[in-house]
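One-letter residues, chain by chain:
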Amino acid sequence: MEGLKLGHTLHSSHGLNLVVPVPTSSLVSRPSFPIQPKCNLVLSTGCRVYVGTTIRKLALISPGGFPCGHSNLKQTKEVRFTTRRTSVLASIQPMTEELVEDKSKDLPSSGDSIRRRFLDFYASRGHKVIPSSSLVPDDPTVLLTIAGMLQFKPIFLGKGLNYEANAFGKGWGGVMKGSRVPRQVPRATTAQRCIRTNDVENVGKTSRHHTFFEMLGNFSFGDYFKKEAIKWAWELSTIEYGLPADRLWISVYEDDDEAFAIWKKERWFLHQVGVPVERIKRMGAEDNFWTSGVTGPCGPCSEIYYDFHPDRGYSDVDLGDDTRFIEFYNLVFMQYNKRDDGSLEPLKQMNIDTGLGLERMARILQKVPNNYETDLIYPIIEKAAELANVSYALADDSTKMNLKVIGDHMRAVVYLISDGVVPSNIGRGYVARRLIRRAVRTGRLLGIKGDGRENLEGAFLPAIAERVIELSSQIDPDVKSRAPRILEELKREELRFVQTLERGEKLLDDMLTDALLNSNENENMPILSGKDVFLLYDTYGFPVEITTEVAEERGVGIDMNGFEIEMENQRRQSQAAHNAVKLVVGNGADLTENIPDTEFLGYETLSAKAVVEGLLVNGNPVTQVSEGSDVEILLNRTPFYAESGGQIGDHGFLFVNEDRNQKKAVVEIKDVQKPLGNIFVHKGTIKEGVVQVGKEVEAAVDANLRQRAKIHHTATHLLQAALKKVIGDKATQAGSLVAFDRMRFDFNFHQPLQEKELMEIEELINKWIGDAAVLQTKVMPLADAKRAGAIAMFGEKYGEQVRVVEVPGVSMELCGGTHVSNTCEIRGFKIISEQGIASGIRRIEAVAGDAFIEYVNARDNYMRQLCSTLKVKAEEVTNRVEALLEELRMTRNEVSAVRAKAAVYKASVMASKAFPVGTSKKIRVLVESMDDIDVDSLKSAAECLIDTLQDPAAVILGSCPSEEKVSLVAAFTPGVVELGIQAGKFIGPIAKLCGGGGGGRPNFAQAGGRKPGNLSVALEKAREELVAILSEKAS
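Right, let's walk through the structure included here.

### A word on the overall build of the protein chain
Tallying secondary structure elements over the protein chain gives 24 helices and 44 strands in all. When the 1035 residues of the protein chain are sorted by exposure, 54% land in the buried category. The long-range share in the protein chain, meaning contacts at least 24 apart out of those at least 6 apart in sequence, stands at 67%.

Okay, here's the thing in structure tokens:
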């Protein structure tokens, strides 16, 4: 009988070194991994094996399907077990075992399958499967979710992960009532959606760079460490995914002998995986040592690389060679804390943080030349190719690169918008806008016109986004339900950007004109500066290729070195600001290590006794703080609500009672935050006495301000319900503010609300307030809450247990905020304003409760004063104001007419200053200042002068209507325009001397500026250039 020697590459062996007789059959046992004391060990030979009191189930693979090949086969008739405790010969007894067909040669390789198998693999090893968090992180140190470990940051900071027992319904937001310490999750596994844009210029150019990608990860929080992480990573790669072992290379940190030993191929060592030494590379800290910042948790890394060309041998191997290798799995061994002086100390809790790139593994298993041609992205590329009327297979490299850019960027923007990111000019909104604009301009390069379906006024991004949405069900099931909003946002943003591109074309024309004028003056070759090229690229979406082509047509060169400098500056800023997950607090002290989560009591009480667990001054931990100092206080329990879910933190006081060893102390609390998971930070000022760590305090919330917050928070829920009822379900929440004096609600909607709609919303809310409905608050499983119709906010993370706040018959939302008990407590609701704050985002500001009464009283007082001033009744104010405005308009018109007449008269006198230019054709030229007349009068004067001087004539006039304003007008007769001189193009560069710009028609143009002191210089420049040009043209 042919036998198979099973090393520790199989997880099921749990460290055993066995030799087992195996038939050369294509059938294997179904894998089973749990350790079960005193259970039977079942082998595919049909044998039952007893090993003392510790028996494990094993799954054996046939020789034909074993990834390491036949070198492990060995003739034997015994099964020998070697453990740390004992080595025994197992007796073998025949038994029947259910066999299944060996499918190791035909493993499913779709992206969805790879993701599912990864999660199943680690779930079977005791890991809790945690859903992907939003791309919008609940972390102020990063702009977007850039890594799989980000949602576990509180644990890596030493805090517990309270995923199941989350009463607040917002991430790791709170502790269940009655639970002092949250339940720990020692192991977790995720398929995390991520966004990184620091290497956006490499997208499409390399085989592996993306802005949107999925990171598959397994994590240990003080549970297992290097041995298990390495063993399971190897088993996942070689057994689960079936990668040939001889194609895998390993990198380890140069000083990490422990990891090297585990990977190394020495079969006598119990826990080693078995990789030949020549395929294990020691690398330096730059490549294989992970740090979270200057200080904080850190540790060595180990990476697994796939070798596409093993035929190149082992000599002079560079794992960074993208043509041969791809790194697909990174294991971070978080075992040290880096101090301020750079020294390393062992962490009390050692963690594992890993990441396997889904797109990279799909490329390997699907045997395609790059990540883009996997089933995760290629269907999107096919759709773009269809709209561009090209074939990807037959396309040149440039066209393929552009199609890849669209495929990548469309994935990113669809998931960003789905998670609540709205394109804008700031923050994460700018990231979305930039990617959308790159996709649009890339589509134009490919020749996609309009919507690609014969509508030249349409948008093509929605058609491609539909394909992304079709592929989203296994990544984020909520994307399909949000499809209408995603498609509408993309359409609106694309059409707006097309208009921006047209403005950019005009700006490029002006820049090229300036470059030509400057070169004429300096007798140099005309060059478009790198800053101007970057401005066109970054702000107006002009590809450098288009700018270069247009410039060459006009005889202007491009400063590419300057452009690259600007690009590099932007890359550095992006990388510094948004692509590092920081795990340090204050000066780097691990403040969270010995401080428990804060128990929140604020749903039931507004006062409670608590113990001071920590004190911070300027971010640094201290043991006591004296009167007059600003301080941050950490308590073991608190009635204070910490800012979250849009609701601001409570205000109030902390009191330390006087005793024999302690004087009375009073702390005024002005804010409460949760920057460290479930640790509440009370920010305030010591008004009296001294506060010390370990002392008991009486925490008291300001009841009046809490009530105001409760009223506005419940009113926010009513407002969302009213919006959906009046304008439809497409009005989804995009943000909110619940303050003591007002409330703010941002929502997705494409147009301003009409006055009658606002009135209807107010009436609905005030009716619900008058109905005196009793609110119901429940904690339930997230799935049950969604089935019941509870509304979840885009971008928020929710645990499996969520808090649901319901106004019966009106509203049901997932919410961790504080609310009134009865809607009648709100008393009244009034909308203050409704406005647009970004593309497709509207904002309503409103007041309720005491703030509502204060607002109404203030407006009533203003009305009384107005009535007294106008000497009319309140109901007559509108008519009286309209009459006054009409009188004012008529008076202004009369004044303007008088000024125009005065300007015309002054111009008629000024006509005598015109002088002739040219020899063969006399052209009358007039360039003068008209002091401080307004722009309309300046235009009237120019028209009068043109009529007076007759054709051919050219007039340039300037004035300073105010201290910070310059007005310029250029008027040319047809005879001058026929010479090729246009007023619009001539006046623009002149206006720039006054800090402005402008343009217009060939015969008449106006411009402005902000530097009146430069007017005389600008007019002199205009006179010189006009004389020079006309002298040449008319001679």
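### Describing the sheet that holds strand β43 (residues 997–1000)
One open sheet accounts for six strands, arranged β39-β40-β41-β42-β44-β43; its pairing is mixed. Edge positions in the open sheet fall to β39 (915–917) and β43, since each of these has one partner strand only. Along the sheet, successive strands turn relative to each other by an average axial angle of 20°, direction set aside. Bridge count between strand β40 (residues 923–929) and strand β41 (residues 953–962): six bridges; the pairing is parallel. For V927, the partnering residue across the bridge sits in β41 and is I956. Contacts from helix α21 (residues 935–949) reach β40, β41, β42 (965–972) and β44 (1004–1009) within the one sheet, and its direction differs from that of β41 by about 160°.

### A look at the sheet that holds strand β34 (residues 776–781)
By definition, the strands of a sheet pair up through backbone hydrogen bonds, in either a parallel or an antiparallel sense. The three strands are arranged β34-β35-β36 in an open sheet whose pairing can be described as antiparallel. Each of the sheet's edge strands pairs with one partner strand only, and the pair in question is β34 and β36 (811–814). Here the average twist between neighbouring strands, direction ignored, is 25°. Strand direction decides the pairing type here: strand β35 (residues 801–807) and β36, joined by four bridges, are antiparallel. Considered in β36, the bridge of E806 is made with M812. Each of β35 and β36 touches helix α16 (residues 703–727); the most contacted strand, β36, lies at about 120° to it.

### So, the packing of helix α8 (residues 397–418) against helix α10 (residues 461–470)
Across the interface, α8 lies against α10 with an axial gap of 9 Å and an inter-helix angle of 75°. With respect to each other, α8 and α10 are oriented roughly perpendicular. Mapping the contact onto sequence places I406, M410, R411, V414 and Y415 in α8 and L461, I464, A465, V468 and I469 in α10. Its residues assigned to classes, the contact of α8 with α10 shows nine nonpolar, no polar and one charged.

### Focus: the nonpolar core
Among the nonpolar cores identified, the biggest contains 109 residues, and Y241, W263, F328, Y329, M410 and L490 are the most heavily contacted of them. Among the elements that make up this core, the one with the highest residue count is α8 (ten residues). Setting aside residues up to four positions removed in sequence, M410 forms contacts with I380, A439, L461, I464, A465, V468 and L490. Grouped together as the second largest cluster of nonpolar side chains are 33 residues, L719, F829, I831 and A848 included.

### A closer look at a nonpolar patch on the surface
A surface patch of nonpolar side chains, amounting to about 240 Å² of accessible area, comprises V881, L885 and L888. Looking at the element boundaries, V881 is found in helix α20 (residues 877–910). Using a relative accessible area of 32% as the deciding quantity, one classes V881 as partly exposed.

### With respect to the environment of L601
Within the secondary structure, L601 sits in the loop between β21 (599–600) and β22 (607–617). Overall, the relative accessible area of 11% leaves L601 in the buried class. Between the alpha carbons of L601 and P639 there is a distance of 4.6 Å; along the sequence they are 38 residues apart. With residues near it in sequence (within four places) discarded, L601 still touches A608, R637, T638 and P639.

### Focus: the pattern of salt bridges
With the rule as written, the count across this model stands at 49 salt bridges. Its salt-bridge partner being K992, residue D514 comes within 2.0 Å of it at the nearest N-O pair. Pair noted here: D514 is in helix α12 (residues 483–522) and K992 is in helix α23 (residues 983–992), with a separation of 478 residues, a long-range link. Here D514 falls in the buried class, since its relative accessible area comes to 16%. On the accessibility criterion, K992 (43% relative accessible area) is partly exposed. The salt bridge involving E1025 is made with K1021; its shortest N-O contact spans 3.4 Å. Here E1025 and its partner K1021 are both found in helix α24 (residues 1015–1033), four residues apart, which amounts to about one turn of the helix.

### Some thoughts on helix α17 (residues 755–770)
Under the 1.5 Å per step criterion, the end-to-end length of α17 is 23 Å for 16 residues, consistent within 8% with the ideal 22 Å. Within α17 the residues assigned to the buried category are E757, L758, I761, E762, L764, I765, W768 and I769. Summarising the axial view, the buried residues of α17 lie within an arc of 160°, below the 170-degree limit, and thus occupy one face. What points out from α17, more than 90 degrees from its buried face, is the exposed set E755, K756, E763 and G770. Buried residues belonging to α17 abut α16, β37 (829–838) and β38 (841–848).

### Here we look at the packing of aromatic side chains
Both the distance between ring centres and the angle between the ring planes are used here to describe each pair of aromatic rings. Applying the stated rule across the entire model yields 23 aromatic pairs. With a centroid separation of 6.5 Å and 5° between ring planes, the pair formed by F219 and F221 is classed as stacked. Each of the two residues, F219 as well as F221, counts as buried. Aromatic pair W234 and W263: ring centres 6.1 Å apart, planes at 70°, arrangement edge-to-face. Of the two residues, W234 sits in helix α3 (residues 226–240) while W263 sits in helix α4 (residues 257–263), which places them 29 residues apart along the sequence. Exposure class is identical for W234 and W263. Each is buried. Members of the aromatic cluster, joined through ring pairs, are F118, F121, Y122, Y224, W232 and Y329. Geometry around F260 places R282 over its ring, the cationic atom sitting 4.3 Å from the centre. Lying over the aromatic face of Y603, R803 brings its terminal NZ or CZ to 3.8 Å of the ring centre.

### Description of the packing of α16 against α17
At a minimum axis separation of 9 Å, α16 and α17 run at an interaxial angle of 130°. In terms of axis orientation, α16 runs oblique to α17. In the crossing of α16 with α17, the sense of the turn from one axis to the other is right-handed. Between α16, through L718, L719, A721, A722, L723, K725, V726 and I727, and α17, the contact on the second element is made entirely by E757, E760, I761, L764, I765, W768 and I769. Broken down by class, the residue content of the contact of α16 with α17 amounts to twelve nonpolar, no polar and three charged.

### A word on a negative patch on the surface
A grouping of E627, E658, D659 and E688 is seen on the molecular surface, where their side chains present a negatively charged patch. Positionally, E688 belongs in strand β29 (residues 679–688).

### Comments concerning the pairing of strand β16 (residues 296–307)
Counting buried positions along β16 yields twelve of twelve residues, so the element is predominantly enclosed. Inspection of the sheet shows strand β13 (residues 248–253) paired to β16 by five bridges, in the antiparallel sense. Note that in β16 the partner of W249 across the bridge is Y305. The pairing of strand β15 (residues 289–291) with β16 spans three bridges and is antiparallel. Across the sheet, the residue bridging to W290 is G299, located in β16. In the sheet, β16 pairs with strand β17 (residues 325–338) via ten bridges, with the strands oriented antiparallel. Note that in β17 the partner of S302 across the bridge is L331.

Rules behind the numbers
- Residues numbered from 1 in each chain as written.
- Predicted model: local features only at pLDDT ≥ 70, side-chain atom pairs only at ≥ 80, totals over all residues.
- Heavy atoms only, no water.
- Helix = DSSP H or I, 4+ residues; strand = E, 2+ residues; numbered from the N terminus.
- Buried < 20%, exposed > 50% of the residue type's maximum accessible area, 1.4 Å probe, protein only.
- Contact = heavy atoms within 4.5 Å.
- Pairing = 2+ DSSP bridges.
- Axes fitted to C-alpha atoms, helices over the stretch in contact; angles between N-to-C directions.
- Parallel < 35°, antiparallel > 145°, perpendicular 65-115°, else oblique.
- Nonpolar A, V, L, I, M, F, W, Y, C, P; charged D, E, K, R; others polar.
- Core = buried A, V, L, I, M, F, W, Y, C linked by side-chain atoms within 4.5 Å.
- Patch = residues over 30% accessible without salt bridge, like charges linked within 9 Å, V, L, I, M, F, W, Y side chains within 5 Å.
- Areas by Shrake-Rupley, 256 points an atom, 1.4 Å probe, with all protein chains shown as cover.
- Salt bridge = Lys/Arg side-chain N within 4 Å of Asp/Glu carboxyl O.
- Expected span 1.5 Å × (residues − 1).
- Arc of directions from axis to C-beta.
- Phe/Tyr/Trp six-rings, centres within 6.5 Å; stacked < 30°, edge-to-face > 60°.
- Lys NZ or Arg CZ within 6 Å of the ring centre and 35° of its normal.
- Left-handed = near helix turned anticlockwise from the far one by under 90°.
- Lys, Arg positive; Asp, Glu negative; His and termini not counted.
- Charge placed at Lys NZ, Arg CZ, Asp CG, Glu CD.

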